[in-house]
Amino acid sequence: MRNSLLAFFSALALLIVGVLIINWQLWHLAQSNTVAMAKNSAQTVESMLNEAAAATVTAQRIAQEGCTTQAQLDLGAEAALKPHLRAIMILDQGQIMCTSLPGNGVLIKALTQLPYARLSLLSGARVKDGLPVLLLQTLTPGGRVIVSISDAHVRDALATVAHDVSLSLRVEDRVLAHSGDVVVQANKPTSLSALVSLRYPFSIDYPLPPFFSADRLMQQGWGLILLIVFLSLTIGLILRRYLGKSTTYEDDLRKAIEKGEIVPFYQPIVNGETGVIQGVEVLARWKHPKSGFIPPNVFIPIAEKSGLIIPLTKSLMAQVVSHLNPLSSRLPEGFHIGINISARHITSDSFLGDCSHFHQGFEGKRVKLVLEITEREPLLDSPHLIENLNSLHTKGFVIALDDFGTGYSGLSCLHELTIDYIKIDQSFVSRVSGQKDSTMLLDCVIELARKMSLSIVAEGVETLEQLEYLNRNKIALLQGYYFGKPVSYIEFIKVLLSKPRAMKQDFSPQTKQA
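Residues numbered from 1 in each chain as written. Predicted model: local features only at pLDDT ≥ 70, side-chain atom pairs only at ≥ 80, totals over all residues. Heavy atoms only, no water.

J.: Explain a nonpolar patch on the surface here, please?
T.: A surface patch of nonpolar side chains, about 340 Å² in accessible area, is lined by W24, F211 and F212. One can find F212 in the loop between β10 (203-207) and α4 (214-231). (Patch = residues over 30% accessible without salt bridge, like charges linked within 9 Å, V, L, I, M, F, W, Y side chains within 5 Å. Areas by Shrake-Rupley, 256 points an atom, 1.4 Å probe, with all protein chains shown as cover. Salt bridge = Lys/Arg side-chain N within 4 Å of Asp/Glu carboxyl O. Helix = DSSP H or I, 4+ residues; strand = E, 2+ residues; numbered from the N terminus.)

Encoded structure:
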């Protein structure tokens, strides 16, 4: 009886101690993850404000030289090529001098009465379309420059993977959360902590996780609790087992790559007039065994920062070869297979070998392999990068500049690299609507590409109006949800077999937009 009681109370003590340790570990991990998400959001907002500060330089020059027709076009182009900016406005002697909007229009009601503040949040009531904005103001000798950032981009920066973590942007006593309008909040609630930016006068408010949470304990620690109860392990073994499971996002991503959880999805690129599939873009998806599909905007930045983007891309290349090589006889001649490549991978020692192996997987086939260069990192910092890309171009690879106008390098890449075509970002295509001047910025981008003899692919086509506009402008290659969302290999086979294969499309530099 005594031994039974000792065994019972020993097991009970082990269970209590184990639960307390597990709870503390999960609480500490929740704190770390919340702070990491707040830091990431703050860095994203700072990046947007850096764009606004760069646009201010152009506006200051125009404020000195005067608001001419060319000056308005310069302001419009500045706002268009910096994807997070909404409008640029110049005040001089208390009057509206020049803006980036068509017809020298203004976004803010009673703009001339707006008080000066380096950074401010403006509620929807002060904005003509009812949507709040983030404003960066800079004084000039005769007035000031006001640059606005859309609430949608700010809210995207505040979005988190965790459903129980809600971040908000605070500028003085004004607060913008992931949803709703700007609210006045003089004092920060005690349940929140703040991450203060060192570059701009704002902070990211984030919630402090509770020390004990039954839901968190059961969702994330139930396996360890079962081990404690049924296997009667020692505290040391339990701690070692638990600490082995408590990994960072980077470790989770590394294991996911090794286990093949990062899989390619295929989004069709079609001829806008005929609907014939002309190629695909390969997109990475994380098929997490517990969380389901994790969006790429969550794990791709982690992969790029940690260097895991290289083994991730190599894994995708191998899977794409195994998927599409057996289908090559059913693909139209010149079929486009595009895969995203980061600057970090291009400058690595293994890059040329990786691409050569990828090319060998389709040797003798009728497909064209396209390297879509992303601009999330600076592209022109390394001459080795330019040398590698130009070398692959001479070997038959097609080089594309993805999400044109939204990254670090912009127009400078077109002069340094041998670019075959550009992919117009969704942020430009989404502006196309029935409203007057809705296509003005996109017209400028298309005209620029044509003058530089670059082929064009338009991304993010979602409406019939956008399709008709692009067809009128002879943009033959289109991509977007209007034609089809990214799908798995099996679903892509079904789509491919349901489409005609007679159309031939050449993606070489000789096929340009007329």
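J.: Just to check I follow, could you spell out the sheet that holds strand β4 (residues 133-140) for this structure?
T.: Picture the strands of a sheet paired through backbone hydrogen bonds; they go either parallel or antiparallel. The five strands lie next to each other as β2-β1-β5-β4-β3, forming an open sheet whose pairing is antiparallel. Only two strands of the sheet have a single partner each, and these edge strands are β2 (95-99) and β3 (119-122). Ignoring strand direction, the axes of neighbouring strands in this sheet form an average angle of 30 degrees. Across seven bridges, the pairing between strand β1 (residues 85-92) and strand β5 (residues 143-150) is antiparallel. Within β5, the position partnered with M89 by the bridge is I146. This element, helix α2 (residues 69-81), spans β1 and β2 of the sheet and lies at about 145 degrees to β1. Most of the contacts of helix α3 (residues 151-158) go to β5, to which it runs at about 55 degrees, and overall it touches β4 and β5. (Pairing = 2+ DSSP bridges. Axes fitted to C-alpha atoms, helices over the stretch in contact; angles between N-to-C directions. Contact = heavy atoms within 4.5 Å.)

J.: Just to check I follow, could you spell out the pattern of salt bridges for this structure?
T.: For side chains bearing opposite charge, pairing can occur when the charged atoms are close. If you walk through the whole model with that rule in mind, you get 14 salt bridges. Across the salt bridge formed by K494 and E491, the nearest N and O atoms sit 3.5 Å from each other. With K494 and E491 both in helix α16 (residues 489-497) and three residues apart, the pair spans about one turn of that helix. For K494, a relative accessible area of 52% corresponds to the exposed category. By relative accessible area, which is 36% here, E491 ends up partly exposed. One connected set of salt bridges, linked through shared partners, spans E281, E372, K423 and E459. (Buried < 20%, exposed > 50% of the residue type's maximum accessible area, 1.4 Å probe, protein only.)

J.: Whenever I open this one, the packing of helix α10 (residues 351-360) against helix α11 (residues 383-394) confuses me. Can you help?
T.: Helix-helix packing is described using two parameters, namely the angle between the two axes and the distance between the axes. The interhelical angle for the contact between α10 and α11, taken along N-to-C directions, is 20 degrees, at an axis separation of 11 Å. As judged from the angle between their axes, α10 and α11 are roughly parallel. The handedness of the crossing between α10 and α11 comes out as right-handed. Side by side, α10 and α11 meet where F351, L352 and C355 of the first sit next to N388, L389 and L392 of the second. (Parallel < 35°, antiparallel > 145°, perpendicular 65-115°, else oblique. Left-handed = near helix turned anticlockwise from the far one by under 90°.)

J.: For this particular structure, what's the right way to read the environment of V457?
T.: Examined against the element boundaries, V457 turns out to sit in strand β18 (residues 455-458). The buried category is assigned to V457, whose relative accessible area is 0%. Considering only alpha carbons, one finds V457 and Q479, 22 residues apart in sequence, at a separation of 7.4 Å. The residues touching V457, leaving out its near neighbours within four places in the chain, are I269, Y421, I422, K423, I424, L477 and Q479.

J.: Would you explain helix α15 (residues 464-472) in this entry?
T.: Residues that lie three or four places apart on an α-helix share one face, since the helix turns once every 3.6 residues. Within α15 the residues assigned to the buried category are Q466, L467, Y469, L470 and N471. Buried residues along α15 sit against α13 (426-429), α14 (440-451), β18 and β19 (477-478). Of the residues one or two after α15, K474 is the one with positive phi, at around 60 degrees.

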